[in-house]
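Observations on chain architecture
So the chains spell out like this:
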Amino acid sequence: MAFSSFGKAILVVATALALASCGRLGGSLGGSDAAEEQRAALDAQEPQRETIWDLFQNVDDPNVTVEVNRYIWNATLEVLDFLPIESADPFSGVIDFGYGTPPGGGTAYRATVYVSDPALDARALRVALATRGGPVSLETTRQIEDAILTRARQLRIRDSGL
């Protein structure tokens, strides 16, 4: 029995469709079970929200979300206001400043500030300060950190009415 070329083409297409459907339905071709497990694991990690009111509940994992201290954030912007802001991301806590010269100074500085914690604490603040010639001394960086923390405490006291 001889098949025509049209019959052979139909047989090849039917076989390919049959094999493709086996991979979708039963997962017998391998790999699809692992993909289903990965999808299930990702769905389990995401918080399930069913109504609009669920948006107002705090269901976020505190180990995943990053919070910054608003007083340190605002104090950083005030103390380093002579530097142009290149980028600021309050979700990650990073503020990147471009080169600028402080009032009464002759050296141009740039800074990167990292606010890592919602607590008003010295451990929550990291400042990297540099000039066009390279990094500045630790003493200068420490003075900037102290100025930011002092201003942050002043802002907090002002808000609490003490």
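Report on the accompanying structure. (Residues numbered from 1 in each chain as written. Predicted model: local features only at pLDDT ≥ 70, side-chain atom pairs only at ≥ 80, totals over all residues. Heavy atoms only, no water.)

1. Describing the overall build of the protein chain
Check the secondary structure of the protein chain and you find four helices and five strands. The linear arrangement of helices and strands in the protein chain, starting from the amino end, is α-α-α-β-β-β-β-β-α. Of all 162 residues assigned to the protein chain, the portion counted as buried reaches 22%. Within the protein chain, counting contacts between residues at least 6 apart in sequence, those at least 24 apart form 35% of the total. (Helix = DSSP H or I, 4+ residues; strand = E, 2+ residues; numbered from the N terminus. Buried < 20%, exposed > 50% of the residue type's maximum accessible area, 1.4 Å probe, protein only. Contact = heavy atoms within 4.5 Å.)

2. So, the packing of helix α3 (residues 70–79) against helix α4 (residues 138–160)
Between α3 and α4, the shortest axis-to-axis distance is 8 Å and the interhelical angle comes to 120°. Comparing the axis directions of α3 and α4 gives the class oblique. Of the two possible hands of crossing, α3 and α4 adopt the one that is right-handed. Within the contact between the two elements, α3 uses Arg70, Tyr71, Ile72, Asn74, Ala75, Thr76, Glu78 and Val79 and α4 uses Ala147, Ile148, Leu149, Arg151, Ala152, Leu155, Arg156 and Asp159. (Axes fitted to C-alpha atoms, helices over the stretch in contact; angles between N-to-C directions. Parallel < 35°, antiparallel > 145°, perpendicular 65-115°, else oblique. Left-handed = near helix turned anticlockwise from the far one by under 90°.)

3. Side note on the nonpolar core
Core analysis: the biggest nonpolar cluster contains 21 residues, and Ile72, Leu80, Phe97, Val113, Leu125 and Ile148 have the highest contact counts within it. Broken down by secondary-structure element, the contributors of at least two residues to this core are α3, β2 (94–97), β3 (109–115), β4 (125–131) and α4. Sort the elements by how many residues they give to this core and α4 lands first, with five residues. Look past the residues within four positions of isoleucine 148 in its chain and what remains in contact with it is Ile72, Ala75, Thr76, Val79, Leu80, Leu125 and Val127. (Core = buried A, V, L, I, M, F, W, Y, C linked by side-chain atoms within 4.5 Å.)

4. Remarks on α3
For α3, every residue scored as buried is listed here: Tyr71, Ile72, Trp73, Ala75 and Thr76. Turning to α3, the residues buried within the fold contact β1 (85–89), β2, β3, β4 and α4. Put simply, asparagine 69 is the residue that caps the front of α3, since its side-chain oxygen is 2.8 Å from the backbone nitrogen of tyrosine 71. (Polar contact = N/O pair within 3.5 Å; in protein donor to acceptor, adjacent residues only side chain to side chain.)

5. Examining the sheet that holds β4
Hydrogen bonds between backbone atoms are what pair the strands of a sheet, whose relative direction is either parallel or antiparallel. Ordered in space as β1-β2-β3-β4-β5, the five strands form an open sheet in which the pairing is antiparallel. Each edge of the open sheet is held by one strand with a lone partner, namely β1 and β5 (134–135). By the bridge criterion, two bridges tie β4 to β5 in an arrangement that is antiparallel. Bridge pairing in β5 places threonine 131 opposite glycine 134. Sitting on the sheet, α3 is in contact with β1, β2, β3 and β4, with an inclination near 5° to β2. (Pairing = 2+ DSSP bridges.)

6. Things to note about the pattern of salt bridges
Scanning the entire structure with this criterion turns up six salt bridges. Of the charged contacts in the structure, one is a salt bridge between glutamate 86 and arginine 110, with a shortest N-O distance of 3.4 Å. Here arginine 110 lies in strand β3 and glutamate 86 lies in strand β1, a separation of 24 residues in the sequence. A salt bridge links aspartate 96 to arginine 110; the shortest N-O distance between them is 3.6 Å. Pair noted here: aspartate 96 is in strand β2 and arginine 110 is in strand β3, with a separation of 14 residues, a long-range link. Overlapping salt bridges, with partners in common, bring together Arg70, Arg158 and Asp159 in one network. (Salt bridge = Lys/Arg side-chain N within 4 Å of Asp/Glu carboxyl O.)

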